[in-house]
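Below, each chain spelled out in residue letters.
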Amino acid sequence: MKRPIAVVVGAGGAIGRAFVARLLDDPRYAAVVAVGRRRPLDWPPSCGSVFLTADLMDETELEGLARSITELGEPGLILVATGMLHEDGLRPEKSIRALTRASLMRLFEVNAVLPALVAKHLSPLLQRNQPAIFAAVSARVGSIGDNALGGWHAYRASKTALNMLIRGVAIELRRERPRAICVALHPGTVVSPLSAPFLGSNHAALSPDESARRMLLVLDDLDLADTGGFFAYDGTRLPW
């Protein structure tokens, strides 16, 4: 039986890079395809992955990306590791009074619209008659049931929207690819540029490699009954 390929979208980020490195050592996959808006200047030329570039908000480029991936193989695993918490002029809100239309629109675009478009164009590439997984990195703060602190309104809401989209994609995949699993993942607090301004003395923060390792172990333990779920890096099922 021909081995499937693994695809990591958002491979230029800390967690995405860690996923690529881990999957390159996984003999279950014939190749690892890294996807990003642009190839990082420090991307190792001999790391063994194929790096494809695309503007993930441009559906024409996503169509081309899907064709390029199809030429490389049939994905058994697609991981979406994109996301944004802050950028110049945009910081998590401590109260609703700090919320702006611009922050809502920007974070929804990156954290919900982008992975939804990726799912639209890439999830149909998953193996049809073999086990396959589509997973997106979400965040525990996107859980409505787990929100006891408030704040971070735009980021929370954008990740909640992502969770709902993943739930919907899981339902559709179940009809078309009955052996496929689709889930949202919480990576934990990870030492990365995304979280760096907010870590403080958080000694429980995970390295990107450790977070990726644990999330991949979670995926390995899932079964078909778990599709459409939301799981933390330690395997805990999180409330919506």
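The structure this text deals with has already been given above.
Let me sum up the structure you'll find in this document. Please read these numbers as outputs of a predicted model, since none were measured by experiment.

Turning our attention to the overall build of the protein. Of regular secondary structure, the protein possesses five helices and seven strands. Secondary structure elements of the protein, listed N to C terminal, follow the sequence β-α-β-β-α-β-α-β-α-β-α-β. Computed over C-alpha atoms, the radius of gyration of the protein comes to 17 Å, within 12% of the 18 Å expected from 2.2 N^0.38 for 240 residues, which places it in the range of a compact globule. When the 240 residues of the protein are sorted by exposure, 49% land in the buried category. For the protein, the share of sequence-separated contacts (at least 6 apart) that also reach a separation of at least 24 residues comes to 69%. When the accessible surface of the protein is split by element, carbon and sulfur atoms take 54% of a total near 11900 Å². Charge-centre separation for the protein: the mean point of 27 positive side chains lies 3 Å from the mean point of 24 negative side chains.

Burial within strand β6 (residues 180-186) is extensive, with seven of its seven residues counted as buried. A two-sided burial pattern is seen for β6, the buried positions comprising A180, C182, A184 and H186 on one face and I181, V183 and L185 on the other. Two elements, strand β5 (residues 132-137) and β6, share six bridges in a ladder whose sense is parallel. Bridge pairing links V137 to L185 in β6. As defined by bridge partners, β6 adjoins strand β7 (residues 230-232) across three bridges and the pair is classed as parallel. Residue H186 lies in a different strand from β7, and its bridge partner there is A232.

The next subject is the sheet that holds β6. One open sheet accounts for seven strands, arranged β3-β2-β1-β4-β5-β6-β7; its pairing is parallel. Unpaired on one side and paired on the other, β3 (50-53) and β7 mark the two borders of the sheet. Between one strand axis and the next, the sheet turns by 25 degrees as a mean value, whatever way the strands run. Against the sheet, helix α2 (residues 59-72) engages β1 (5-9), β2 (32-36), β3 and β4 (75-80), with an angle of about 160 degrees to β3. Sitting on the sheet, helix α4 (residues 153-176) touches β5, β6 and β7, and the angle it makes with β6 is about 170 degrees.

Another point: the pattern of salt bridges. Scanning the entire structure with this criterion turns up twelve salt bridges. Here R106 makes a salt bridge to E109, at a shortest N to O gap of 3.0 Å. Separated by three residues within a single helix, R106 and E109 lie in helix α3 (residues 101-122), roughly one turn from each other. Assessed through its relative accessible area of 32%, E109 is described here as partly exposed. Residue R140 is joined to D146 by a salt bridge in which the shortest nitrogen-to-oxygen separation is 3.1 Å. The exposure class assigned to D146 is partly exposed, which follows from its relative accessible area of 33%. Each of D26, R28 and D220 takes part in salt bridges that share partners, so that together they form one network.

The rules behind the values
- Residues numbered from 1 in each chain as written.
- Predicted model: local features only at pLDDT ≥ 70, side-chain atom pairs only at ≥ 80, totals over all residues.
- Heavy atoms only, no water.
- Helix = DSSP H or I, 4+ residues; strand = E, 2+ residues; numbered from the N terminus.
- Rg over C-alpha atoms; globule rule 2.2 N^0.38 Å.
- Buried < 20%, exposed > 50% of the residue type's maximum accessible area, 1.4 Å probe, protein only.
- Contact = heavy atoms within 4.5 Å.
- Areas by Shrake-Rupley, 256 points an atom, 1.4 Å probe, with all protein chains shown as cover.
- Lys, Arg positive; Asp, Glu negative; His and termini not counted.
- Charge placed at Lys NZ, Arg CZ, Asp CG, Glu CD.
- Pairing = 2+ DSSP bridges.
- Axes fitted to C-alpha atoms, helices over the stretch in contact; angles between N-to-C directions.
- Salt bridge = Lys/Arg side-chain N within 4 Å of Asp/Glu carboxyl O.

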